[in-house]
Amino acid sequence: MELLSNLGLGFQSALTVQNLLYCLGGVFLGTLIGVLPGLGPIATIAMLLPMTFTLPPESSLIMLAGIYYGAQYGGSTTAILVNLPGEASSVVTALDGHQMARKGRAGVALATAAIGSFAAGTVATVLIAVAAPPLAELALKFGPAEYASLMLLGLVASIVLAHGSLLKAFGMILLGLLLGTLGTDVNSGEQRFTFDEPRLADGIGFVVLAMGMFGLGEIIRNLEHESTREAMIKHVSGLWPSKADFKRMLGPIIRGTGLGSLLGILPGNGAVLASFSAYSLEKKLSRHPEEFGQGAIEGVAGPESANNAGAQTSFIPMLTLGIPSSPVMALMIGAMIIQGISPGPAVMTEQPQLFWGLIASMWVGNFFLIILNLPLIGLWVKMISVPYHLLFPVILVFCAIGVFSVNNAEYDVWLMAGFGVAGYVFSKLECEPAPMLMAFILGPLMEEYLRRALLLSRGDPLVFLQRPGSLVMLLMAAAAMAVVLLPAIRKKREEAFQEEE
Amino acid sequence: MASTIRNTKDFFSGLLFTAIGSAALVLARDYEMGTLLRMGPGYYPSVLAGGLLLVGLICLVRSFRTDGTPIGRLAWKSMLLVVVPIACFGILIRDAGLVPAIVLLVTVSAYASERFSLKASVPLAMGMCVFSWLIFIKGLGLPMQLLGPWFGF
């Protein structure tokens, strides 16, 4: 019954007129920017982050969460209509979604994605409400050793889930950790890697790094392939799926939701993995696997549900442990810190209104998505058809103003420019920036906990194996590492990532 | 020499990792290492830098032994036309104000596109100025001036 009263409290705060408006605004803006080709949720949230600075904490987080689902759904819309997935998790949606669109069933594909997302979002919201309190309680018992091991697990997971070469992903992780040490050392006050530059004393801002690597880097890369954009579907009609369609999407939605909810909790951006594995699961279970890749509705329903469920449950580690499981969650943590909330298990007990309000708003946000998206599809199509040469200067202005306004610092703008170059070069070298970003966030925390754990154990590194919680997480990390290094599975992993090519 | 490097992407990634790793390792020598019990500020970065160096070296070795696809041309022009105006935005925003910063950013970066035309980019810059004024200054109340001290404000 506590669950009901908690959710009641949540809805009370999520359903105030003000928060409803911010949620709606967030979903709308998120979709609006998310449909623009080449802009994923990370860039979208980073760009819109300054808009939430002046809001009260609750509204700002609710709006950001709304932006996140909006951006994610917008990405699927673009994937279906233009075959240009804005982010990794909608890559699989493009496979069958775009084929459906080519066969004149764009409306049905979009509706399927919306219905699947909504169903998955509803289940995932309940799951968060059920799972969060016991997890937060458990987290309160965690010592520094457990936290350090947990973060290591997160990093290993992000290597496993990275595309392409494992070795390079490992290198990017180390690079991210190293970048994270830049700034003042908390324990000794020593300036590390700052080159005596006072403006680097606080380290590099996360938004600066994310916008540079993902925002600018992506723009430069898109400009390179500017002329290769495919002709798009101008008119979308026949939104409502037929009875037979509903029958075919039911199973995939249920399976996708289950798979996505589980994988989303994993550190290291499980939502991407969820949509990939949901796709291959549906392909395997289907009675007509030859239809996959030709416009099978299951190939849209499964991954879309998995993707959305995963996106939602990735809030669980963020809310209960204060640890980001994906770059997007890292941005959310950044936003919480800007609002003066220190993320961690204490948020639930100290700010129940905010905690439960955010959870309830997730459901509200998903509801808005479905009622907003289907009628407004004409507007999204128009947004997609804005030519890129008019679009990217606008994005640049948003990035520049956004980064500048975080600290009112021109230095941040210059740093962002530098990271833009780095992001482009790394993408040319096929080094994934996502694991680096995760490592950058987790790095300073990990060092802190590592040092504290060793201090408590009087310098005995065995403490990480002696504490059961820590041991379990280290074993999981080792297992994950062993699994990807096994030749058989390695081949499977490569195949799974091949499908997106 | 070039013919023996079989995977250029791996080769340059390895070179980059090795360079950054060794630079960090050298820099971190100035920071106290400490012991495992009481880690100094240099301990953790040195371990990481060493690891990065190692990964870089493995990457280099691998680039001679396995095949890969070529990197392709770097789009220098787009890169500079995106990054330099952004840097200029940083220079102009406080002293010259939002309007000059936006006008410069939009009109110069627009050259990065193959479909560039002044007819489109000038109105776009104007539109962005009005839009940013409405959203960021009027709406969100961010502390930015339309025209800064350089114009006597």
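Located above this text is the structure these notes cover.
Let us look at the structure shown here. (Residues numbered from 1 in each chain as written. Chains lettered and ligands numbered in written order. Predicted model: local features only at pLDDT ≥ 70, side-chain atom pairs only at ≥ 80, totals over all residues.)

1. Focus: the overall build of chain B
- In terms of regular secondary structure, chain B is built from 5 helices and 0 strands.
- Walking chain B from its N terminus toward its C terminus, one meets helices and strands in the order α-α-α-α-α.
- With the principal axes as the frame, chain B shows a C-alpha extent of 55 × 50 × 25 Å.
- Burial analysis of chain B (153 residues in total) assigns 39% to the buried set.
- Nonlocal contacts in chain B, meaning residues at least 24 apart in sequence, comprise 63% of its contacts between residues at least 6 apart. (Helix = DSSP H or I, 4+ residues; strand = E, 2+ residues; numbered from the N terminus. Buried ≥ 20, exposed ≤ 12 C-beta atoms within 10 Å, placed from the backbone. Contact = placed C-beta atoms within 7 Å.)

2. Focus: the interface of chain A and chain B
- Contact residues are listed per partner, giving 56 residues for chain A and 59 residues for chain B.
- Those elements that provide at least two residues to the side of chain A that touches chain B are α7 (166–181), α8 (206–224), α17 (388–407), α18 (410–428) and α19 (433–456) of chain A.
- Element by element, the count of residues in the side of chain A that touches chain B is highest for α17 of chain A, at 10 residues.
- Residue classes in the side of chain A that touches chain B are distributed as 33 nonpolar, 11 polar and 12 charged. (Nonpolar A, V, L, I, M, F, W, Y, C, P; charged D, E, K, R; others polar.)

3. With respect to unusual backbone geometry
All names here are of chain A.
- Positive phi, normally seen in glycine, also occurs at asparagine 408, with a value near 55°.
- One can find asparagine 408 in the loop between α17 and α18.
- Look at asparagine 408 and you get exposed, because 12 C-beta atoms sit within 10 Å.

4. Remarks on the packing of α18 of chain A against helix α3 (residues 76–95) of chain B
- Following both chains from N to C, one finds α18 of chain A and α3 of chain B inclined at 170°, their axes separated by 8 Å at the closest point. By the angle between their directions, the pair α18 of chain A and α3 of chain B is classed as roughly antiparallel. Seen from α18 of chain A, the contacting residues are Glu410, Val413, Trp414, Met416, Ala417, Gly420, Val421 and Tyr424 of chain A; seen from α3 of chain B, they are Met79, Val82, Val83, Ile86, Ala87, Phe89, Gly90, Ile91, Ile93 and Arg94 of chain B.
- Split by residue class, the contact of α18 of chain A with α3 of chain B holds 14 nonpolar, 2 polar and 2 charged. (Axes fitted to C-alpha atoms, helices over the stretch in contact; angles between N-to-C directions. Parallel < 35°, antiparallel > 145°, perpendicular 65-115°, else oblique.)

5. Some thoughts on helix α13 (residues 327–338) of chain A
Residues and elements named next belong to chain A.
- Over its 12 residues, α13 runs 17 Å from end to end, which matches the ideal 16 Å to within 8%, given 1.5 Å per residue.
- Burial within α13 is extensive, with 10 of its 12 residues counted as buried.
- Those residues of α13 that fall on the buried side of the exposure criterion are Pro327, Val328, Met329, Ala330, Leu331, Met332, Ile333, Gly334, Ala335 and Met336.
- For α13, the elements touching its buried residues are α3 (41–48), α4 (57–82), α8, α12 (315–321) and α19.
- Of the residues flanking the end of α13, it is glycine 340, one or two places downstream, whose phi is positive at about 85°. (Expected span 1.5 Å × (residues − 1).)

6. Things to note about the environment of glycine 97 of chain A
Residue and element names in this part refer to chain A.
- Following the sequence through the fold, glycine 97 ends up in helix α5 (residues 91–140).
- A count of 33 C-beta atoms within 10 Å places glycine 97 in the buried class.
- Note: C-alpha distance between glycine 97 and leucine 471 (374 residues apart in sequence) is 43 Å.

7. Side note on the packing of α3 of chain B against helix α4 (residues 98–109) of chain B
All names here are of chain B.
- Axis separation between α3 and α4 bottoms out at 9 Å; the angle between their running directions is 175°. In terms of orientation, α3 and α4 fall into the roughly antiparallel class. Contacts between α3 and α4 involve Leu81, Val82, Pro85, Ile86, Cys88, Phe89, Leu92 and Ile93 on the former and, on the latter, Leu98, Pro100, Ala101, Leu104, Leu105, Val108 and Ser109.
- Here the contact of α3 with α4 is composed, by residue class, of 14 nonpolar, 1 polar and no charged.

8. Details of the environment of proline 198 of chain A
- Tracing the backbone shows proline 198 of chain A in the loop between β2 (191–192) and α8.
- With 261 residues separating them along the chain, proline 198 of chain A and glycine 459 of chain A place their C-alpha atoms 33 Å apart.

9. Section: the nonpolar core
- Ile45, Ala210, Ala400 and Met416 of chain A together with Ile86 of chain B are the most contacted members of the largest nonpolar core, which has 221 residues in total.
- With 24 residues, α5 of chain A is the single largest residue contributor to this core.
- Excluding anything up to four places from it in sequence, alanine 210 of chain A contacts Ile42, Ala46, Pro327, Leu331 and Leu437 of chain A. (Core = buried A, V, L, I, M, F, W, Y, C linked by C-beta atoms within 7 Å.)

Limitation: the analysis is restricted to geometry and does not speak to function.
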